[in-house]
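A structural walkthrough
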Amino acid sequence: LAKITKAKTQLDDLVTTSAKKEIMNINDNDLMTFAIGTKYYCSPEQEKSKNYNYKSDMFSLGIIIFEMFYYFGSLMERDIVLRGIKDDQKYPENMDKVCDANVVQIVKMLTNHNPNLRPKTEDLLNSNNIEKLYIDPLNKSTSIYLSINK
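Now for a description of the structure that goes with this document. (Residues numbered from 1 in each chain as written. Predicted model: local features only at pLDDT ≥ 70, side-chain atom pairs only at ≥ 80, totals over all residues. Heavy atoms only, no water.)

For soluble globular proteins, the rule of thumb is that nonpolar side chains tend to be buried together. Ranked by size, the top nonpolar core spans 21 residues in total, and within it Phe66, Leu82, Ile85, Met95 and Val107 carry the most contacts. When residues of this core are traced back to their parent elements, those giving at least two are helix 3 (55-69), helix 4 (75-88) and helix 6 (101-110). Setting aside residues up to four positions removed in sequence, Leu82 forms contacts with Tyr40, Ile63, Phe66, Glu67 and Phe72. (Core = buried A, V, L, I, M, F, W, Y, C linked by side-chain atoms within 4.5 Å. Buried < 20%, exposed > 50% of the residue type's maximum accessible area, 1.4 Å probe, protein only. Helix = DSSP H or I, 4+ residues; strand = E, 2+ residues; numbered from the N terminus. Contact = heavy atoms within 4.5 Å.)

As structure tokens, this is what we get:
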């Protein structure tokens with residue numbers, strides 16, 4: 001009886017979620033937000049006010065990872081480099097020398113101007129470029145540590 005009750009609850013949850021999506025006529029891939037974020041982190045499709053979805057967040061992640069591994073000599077250099085990535089998918093010439101090959105590959109995948117070619121989160125985490133993702137059990141926090149393979 002307990003198994004049947006649990007299965008019914010899970011089915012009810014599934015139907016409720018599906019019904020809500022159907023009533024609202026939305027699809028997981030079509031969900032979009034309306035606020036635009038910080039200019040460097042907005043995906044090209046966001047900036048052009050096109051429909052966008054979670055793949056825009058992947059673009060932002062690519063910019064953040066790039067900033068973590070690439071040294072900017074000045075704010076002007078940062079502006080020029082990040083605009084180059086965003087506007088023209090142009091990466092710094094010395095990127096391969098300054099950043100690890102896995103970082104370069106991840107950044108280029110995530111900042112692809114075609115959102116359909118950006119990886120899903122699960123694909124990124126399952127790629128050979130990422131060693132592991134884990135939650136800090138000692139602090140009982142939701143901090144996430146990302147280790148990129150060399």
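After presenting the structure, the write-up continues.
Turning our eyes to something else, we now look at the environment of Tyr41. Positionally, Tyr41 belongs in the loop between helix 1 (2-24) and helix 2 (44-47). Residue classification places Tyr41 among the partly exposed residues on the basis of a relative accessible area of 23%. Linking Tyr41 and Leu82, residues 41 residues apart in sequence, is a C-alpha distance of 9.0 Å. Ignoring sequence-local partners within four residues, the contact set of Tyr41 consists of Gln46, Phe59, Ser60, Ile63, Ile64, Glu67 and Arg78. Within the local environment of Tyr41, its side chain forms a polar contact with the side chain of Arg78, the two groups lying 3.2 Å apart. (Polar contact = N/O pair within 3.5 Å; in protein donor to acceptor, adjacent residues only side chain to side chain.)

Within the fold, Asn53 resides in the loop between helix 2 and helix 3. Only 2.9 Å separates the side chain of Asn53 from the backbone nitrogen of Lys55, close enough to count as a polar contact.

For the coordinates displayed, the defined rule picks out five salt bridges. Salt-bridge contacts for Asp79 lead to Lys39; the nearest nitrogen and oxygen are separated by 3.9 Å. Taken together, the residues Asp79 in helix 4 and Lys39 in the loop between helix 1 and helix 2 connect sequence positions 40 residues apart. Looking at Lys39, the relative accessible area reads 42%, which means it is partly exposed. For Glu47, the salt bridge is made with Lys86, and the minimal N-O distance between the two is 2.9 Å. Within this pair, whereas Glu47 is found in helix 2, its partner Lys86 is found in helix 4, the two being separated by 39 residues in sequence. Members of the salt-bridge network, linked through shared partners, are Lys39, Asp79 and Arg83. (Salt bridge = Lys/Arg side-chain N within 4 Å of Asp/Glu carboxyl O.)

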